[in-house]
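# Analysis of the macromolecular model
Chain by chain, the residues run as shown.
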Amino acid sequence: PLFTAGRLINQAKATDLLREAAAQKFSSSRKTLVFNISSLFHNMLAQQQVIDSVLFSEHTLAAHQKRMDAMVQAEKAAEVDRMRTEVRLADVRQQLVQEKTRLTVYRRTLANLLGIPDHAYMFQIQGDLELPEKLDMPTFEAAFAKAQKKRDDYQAERAALEAKAMQVDAARAGHWPMVSLLGTYGGRWAAGATSGTGDESDDEGRIGVAVEMPIFDGGQISAEIREQRAELTAAQKRLHAFELDIRLEIETALTDIASFRERAAALEKSIAQARESLRIEQQKYELGRGTILDVLDAQDALLDAETTYHQAAAGLRTALARLKLATGEI
């Protein structure tokens, strides 16, 4: 081919861009897998802490029930108070079973993400959910600019858009003539006997230039151009929609980080207050100045505060990982 009006070059460039887009999408899938494992890992850490809180609540209620039994025998407490304690203890034990079941589901899901057969062994995870003392949070504009440079899936969409533009140019080249250089060389042999001066074999060759001109194609080239332009417009719309999705992901991650951080900091203080409140209510009840309902309510408040705190701490770590995923830093 001597002249194709850019048809072959644009097709080759479009193919290279599509291959690049496929590789970038694969890299993006790997990063998404990293985020899913990170999120699940922190949820498991939080779930272990929740189980420890429920176990502590069960231990406290069991010890309180023993004191209630002694107080009932000594006629210092009513039988109905002991029954209420038993009911609450049964609820806590049922909650403990549910929390352990949830942790088992998390463990099997993590094994699936890691490609590990969970029946081979039951692995344990190690870590903590301590709140970071200081967080250097980027602005939305800086995070979005970083995402445009580092996100592989965004680069894949841009490469796909450029490939569509190349395909439009290649389709337009169909209206232009195509000039090619032709050359052949070979031997010819006679099929039968020759007479006179004829030879049985001879070398032949030719060289020349061919021009192909589309005179009438029934509108096929124009239809292909319109099709490629429509796909180009769709690719532009997809890229714009993807940019909006990235903006939403970054805004959500930044908002979640601020929200979970404030909640965890507030709950960290409320846990200490809930523990002190439980101690006071237990003493008041033993001195005959409080009710069993006050003790059980204080126990519920402590368990709820600890559970919510662990979930908020895990949510903060997950939100930080989500911000890294949204900006392409994973």
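Coordinates for the structure precede this section.
Overview of the structure. Only a predicted model underlies this, so the values are computations on that prediction, with no experimental measurement involved. Residue positions are given per chain, counted from 1 along the sequence in the order it is written. Two thresholds apply to this predicted model, a pLDDT of at least 70 for residue-level local features and 80 or more for giving and counting side-chain atom pairs, whereas whole-chain, interface and lining totals are computed over all residues. Neither water nor hydrogens contribute to the side-chain values; these are computed over all heavy atoms in the structure.

### Points about the overall build of the protein
In this description a helix means any DSSP run of H or I spanning at least four residues, a strand means any run of E spanning at least two, and both kinds are numbered starting from the N terminus. The number of helices and strands found in the protein is six helices and two strands. The globule rule used here is 2.2 Å times the number of residues to the 0.38 power, and the radius of gyration it is set against is calculated over C-alpha atoms. Relative to the compact-globule value of 20 Å for 330 residues, the protein shows a C-alpha radius of gyration of 37 Å, a clear excess of over 25%. Along the first, second and third principal axes, the C-alpha set of the protein runs to 140 × 50 × 35 Å. We call a residue buried when its accessible area falls under 20% of the maximum for its residue type, exposed when it is over 50%, and partly exposed in between, using a 1.4 Å probe and counting protein chains only. Counting the 330 residues in the protein, one finds 35% classified as buried. Taking all contacts inside the protein whose residues are at least 6 apart in sequence as the whole, residues at least 24 apart take part in 83%. When the accessible surface of the protein is summed, it comes to about 20,200 Å², and 53% of that surface belongs to carbon and sulfur atoms. Contacts are assigned to residue pairs that have any heavy atoms within 4.5 Å of one another. The accessible surface values rely on the Shrake-Rupley method and a 1.4 Å probe; as for residues, cover is taken only from the protein chains in view.

### As for unusual backbone geometry
The backbone of Ala5 sits at a positive phi, close to 60°, despite the residue not being glycine. For Ala5, the position within the fold is in the segment before α1 (7-73). Since its relative accessible area comes to 24%, Ala5 is described here as partly exposed.

### Describing the pattern of salt bridges
Salt bridges are identified by distance alone: a Lys or Arg side-chain nitrogen within 4 Å of an Asp or Glu carboxyl oxygen. Counted under the stated rule, the structure contains 16 salt bridges. Here Asp152 and Lys31 are joined by a salt bridge, their closest N and O atoms 3.2 Å apart. Note that Asp152 is positioned in helix α4 (residues 152-172) and Lys31 in helix α1, a separation of 121 residues in sequence. The same class applies to Asp152 as to Lys31, namely buried.

### Here's the deal with helix α6 (residues 292-327)
Residue count minus one, scaled by 1.5 Å, sets the expected span of a helix. Taking 1.5 Å as the rise per residue, α6 with 36 residues should run 52 Å; its terminal C-alpha atoms sit 52 Å apart, in good agreement. Gly328 occupies a position one or two residues after α6 and carries a positive phi of about 75°.

### Let's talk about the environment of Glu243
The topology assignment puts Glu243 in helix α5 (residues 220-286). The spacing of Glu243 and Leu232 is eleven residues in sequence and 17 Å in space, taken between C-alpha atoms. In contact with Glu243, not counting residues within four places along its chain, are Phe144, Gln148 and Tyr154. Only 2.7 Å separates the side chain of Glu243 from the side chain of Tyr154, close enough to count as a polar contact. Polar contacts here mean pairs of N or O atoms no more than 3.5 Å apart (in protein, one a potential hydrogen donor and the other a potential acceptor; neighbouring residues in sequence count only if both atoms are side-chain atoms).

Read these as geometric descriptors, not functional statements.
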